[in-house]
Structures are given as structure tokens and as C-alpha cells.
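# Structural overview
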Amino acid sequence: MNKNQKTAIIGAGITGLYLAWKLSQRGFKVTVFERKKDIGKQSCSGLFSERILDFIPKSEGLIKNEIRHVLLHFPKKSLKIKFSKTFFVINHDELDRLVGLLAKKSGANIILGSPISSFPEGYDRIIGCDGANSQIRKLLNLKEPQFRLGIQGFISKKDSSDFVETWPTNSGFLWKIPRGKETEYGIIEDINKAKSIFDEFSEKRKIKFKRITSAVIPQGFIVSSNSRITLCGDAAGLTKPWSGGGVIWGLIAADILLKNFPNFLKYKKGIERFFLPRINFSKLVTKSAYFLGFNVPWLLPKNLKIESDFLL
């Protein structure tokens, strides 16, 4: 394996920084290009299963609260769903900066304020980790994923409860997350419907937010067949169909890429084997649960236990 070859990673989000960290540890020459002038994703609930410690052990010091179950409120029935693995509430921007520091210490070159409009020249491998609206995905002329809109609102109420509350909507759900020193409400829904549903929900409960953020959330499975250029994380649409969360899935995909690096075609086959069955299964389970919850809720048990990142 030629470690003198140069690798460009587009996007200094969690997946890109993780890849830069691990590849640099192995002695590869890595440059990260980030369009923003700083590191840290602001629009994210930062609710990660305890698997995050397997990937980034030092993230334990960033935990704000621990979540052990969710209350799922359908109109005529509420379910208590326990997680097989505890979820941690972590500020996503703090996690990004931690991994960015680890990447730099390992020798990765991170260039901020550097938007990419074409494939960077002089690199043997290019990895697109540039998020939902990936420019690398567009340059490869790949299909676009489906998009939903995520909106978050924060209030100053302290809450260290060990459960999340959710309210299913037609194509997503509303949520309440206790973040320790503050409380978060949010929604993931169709781009054209999310704001009106969230506004109605907030007004009904007389919730006044101190700040609101939003971001588009991709969902799909889009990976290049190019032997030199590939995608990972949100750029590949790797988010959970039921929740929109993408960090753990992105890091799992990154480990599959690392295992096969620099063979991007083997990486493609690896993530197809791992993710496609799980994506199809979770879509089926989510659709079935919503149908039962809205139409025949008495058929659903009051208590369930699910695998935190894969439902089964």
C-alpha cells in the first residue's frame, strides 16, 4: 500500500474528520477542505447511542445527559420504547471540534474557508463527506437523496430526565429532548410542511424559543462506482429512515471505508452488504408502526425494546 499517495476529504463534519484522523494515524497524507471558516455543526440534536464511545472514546467528557427510553405519543395511544444501548446527549459542534483536534494531532491538514467547485487536483483519492447538499455528489452526476427538513427550538428550562418524548406526524415526528441545562423541541418532516406543523405545535403549548436552527436531512443510499472518488456519511444519504440520525451510520460507513482503503469499489460493496438490508427493514418497520399507531393503535404493545441504531 502506497502511503505517499495523497487523499482529499471534502467536508470537515464528523465523518470527514474521523476519516482524516484515522487515515493520518496510519501514515497517509490527508488534506481536508471545509467551506466554512470554523469546525462544528450547529443544527443537530446530538443524540448518539453509546456506540459513539467505540469510535471516539474521548467524547465521554462531552456528555450532557443520558437517555434510556422514548415515549411515542400517537393520538390515541402512547408507547414506551426502551433502547438496547443508552443514548447520550452531546453538542455536535463540540464533538466535531474534538475530532478535528485529534485529526490535526495525527497530521491531517485541515483547510477552512475553502469551498470546492470542482474536484481538487493532485490527489490520488477524493472522499466526499460534504453533507446533505454534497458538491462532490453533484460533480459525480449521482442522483440526489430524498430530503426532509429538521427544525430545532431551545428553551432555558433545565431538564435531566432519562427519556425523550415524540409525536408522530405524517412523514416524520416532533420531539422533546432533555439536554440537562436546557430543553430542545424539534421536528423532522416534509420540507414544505415542517415549519407550519412545528409552529402549530409550539403555539398550542405556548412554547417560546430562545433560539431556533434548521437543516435539511438526506435519506437514501448513494455511493459512487468511481474507483478514485467516493462518498461517505450524509453525502451518501446514510441516515436512519425512522429518525434522520446519521452520525453513527456515517462512522460505521467510515470504518468500512478504512477497512478497504484505498479500494473504493470494495468499500462500495461493503456498505451495500451492511446498509441496504437494514435500510429496507427499518423502512418497513417504520411504515408498519405508523400505520398501526394511527389506525389500529390497540394492536401495538405499550412497551417495546429496540436496538438503538438498527431497530433489530
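Please read all numbers here as calculations on a predicted model, not as lab measurements.

So, about the pairing of strand S2 (residues 29-33). Burial analysis of S2 places four of its five residues in the buried class, the great majority of the element. In the sheet, strand S1 (residues 6-10) pairs with S2 via five bridges, with the strands oriented parallel. Residue lysine 6 lies in a different strand from S2, and its bridge partner there is lysine 29. For the crossover that starts at S1, traverses helix H1 (residues 14-25) and ends in the parallel S2, the hand is right-handed. Where S2 and strand S6 (residues 109-111) come together, three bridges link them in parallel fashion. Its bridge partner being in S6, valine 32 is matched across the sheet by isoleucine 110.

Before going further, it helps to examine the sheet that holds strand S13 (residues 229-231). Taken together, the five strands give an open sheet; going across it, the order is S6-S2-S1-S7-S13, and neighbouring strands pair in parallel fashion. The open sheet has two edge strands, S6 and S13, and neither has a second partner. For this sheet, the mean inter-axis angle between neighbouring strands, taken without regard to orientation, is 20°. Across the face of the sheet, H1 comes into contact with S1, S2, S6 and strand S7 (125-128) while running at roughly 160° to S1.

Between phenylalanine 261 and proline 262 the backbone carries a cis peptide bond, its omega angle lying at 5°. Of note, proline 262 is situated in the loop between helix H6 (247-260) and helix H7 (264-295). A positive phi angle is found at asparagine 141, which is not glycine, with a value near 60°. Its relative accessible area of 69% is what places asparagine 141 among the exposed residues. One non-glycine residue, lysine 206, lies in the positive phi region at around 55°. Mapped onto the secondary structure, lysine 206 falls in the loop between helix H5 (194-204) and strand S12 (211-219).

This model, assessed by the stated rule, comprises 14 salt bridges. Lysine 41 serves as the salt-bridge partner of aspartate 234, at 3.7 Å between the closest nitrogen and oxygen. Residue aspartate 234 is found in the loop between S13 and H6, and its partner lysine 41 is found in the loop between S2 and strand S3 (47-49); the two are separated by 193 residues along the sequence. For arginine 97, the salt bridge is made with aspartate 93, and the minimal N-O distance between the two is 3.5 Å. You can see arginine 97 and its partner aspartate 93 sitting in helix H3 (residues 92-105), four residues apart, about one turn around the helix. What makes aspartate 93 buried here is its relative accessible area of 15%. Members of the salt-bridge network, linked through shared partners, are Arg51, Lys240, Glu307 and Asp309.

Let us look at the packing of H6 against H7. Running from amino to carboxyl end, H6 crosses H7 at an angle of 150°, the nearest separation of the two axes being 8 Å. For the pair H6 and H7, the sense of crossing is right-handed. Contacts from Trp249, Ile252, Ala253, Ile256, Leu257 and Asn260 in H6 reach Phe264, Lys266, Tyr267, Gly270, Ile271, Phe274, Phe275 and Ile279 in H7. Residues that form the contact of H6 with H7 fall into these classes: eleven nonpolar, two polar and one charged.

One finds Ile9, Leu19, Ile52, Ile56, Ile127, Cys232 and Phe275 to be the most contacted residues of the largest nonpolar core, which totals 83 residues. At ten residues, the largest contribution of residues to this core is made by H6. What cysteine 232 contacts, discounting residues up to four positions off in sequence, is Thr15, Leu19, Ile127, Gly128, Cys129, Gly250, Ala253, Ala254, Leu257 and Tyr267. Among the nonpolar cores identified, the runner-up in size contains eleven residues, and Leu149, Ile187, Phe201 and Ile207 belong to it.

Here glycine 11 is to be found in the loop between S1 and H1. As for glycine 11 and threonine 286, which are separated by 275 residues in sequence, their C-alpha atoms are 31 Å apart. Residues within four places of glycine 11 in sequence aside, it is in contact with Gly16, Val32, Phe33, Glu34, Cys129 and Asp130.

Moving on: the pairing of S1. Taken across its five residues, S1 has four buried, putting it largely inside the fold. As judged from the four bridges shared by S1 and S7, these two strands associate in the parallel manner. The partner of alanine 8 across the bridge, within S7, is isoleucine 126.

Quick notes on the rules
Residues numbered from 1 in each chain as written. Predicted model: local features only at pLDDT ≥ 70, side-chain atom pairs only at ≥ 80, totals over all residues. Heavy atoms only, no water. Buried < 20%, exposed > 50% of the residue type's maximum accessible area, 1.4 Å probe, protein only. Helix = DSSP H or I, 4+ residues; strand = E, 2+ residues; numbered from the N terminus. Pairing = 2+ DSSP bridges. Right-handed = clockwise from strand over helix to strand, strands pointing away. Axes fitted to C-alpha atoms, helices over the stretch in contact; angles between N-to-C directions. Contact = heavy atoms within 4.5 Å. Salt bridge = Lys/Arg side-chain N within 4 Å of Asp/Glu carboxyl O. Left-handed = near helix turned anticlockwise from the far one by under 90°. Nonpolar A, V, L, I, M, F, W, Y, C, P; charged D, E, K, R; others polar. Core = buried A, V, L, I, M, F, W, Y, C linked by side-chain atoms within 4.5 Å.

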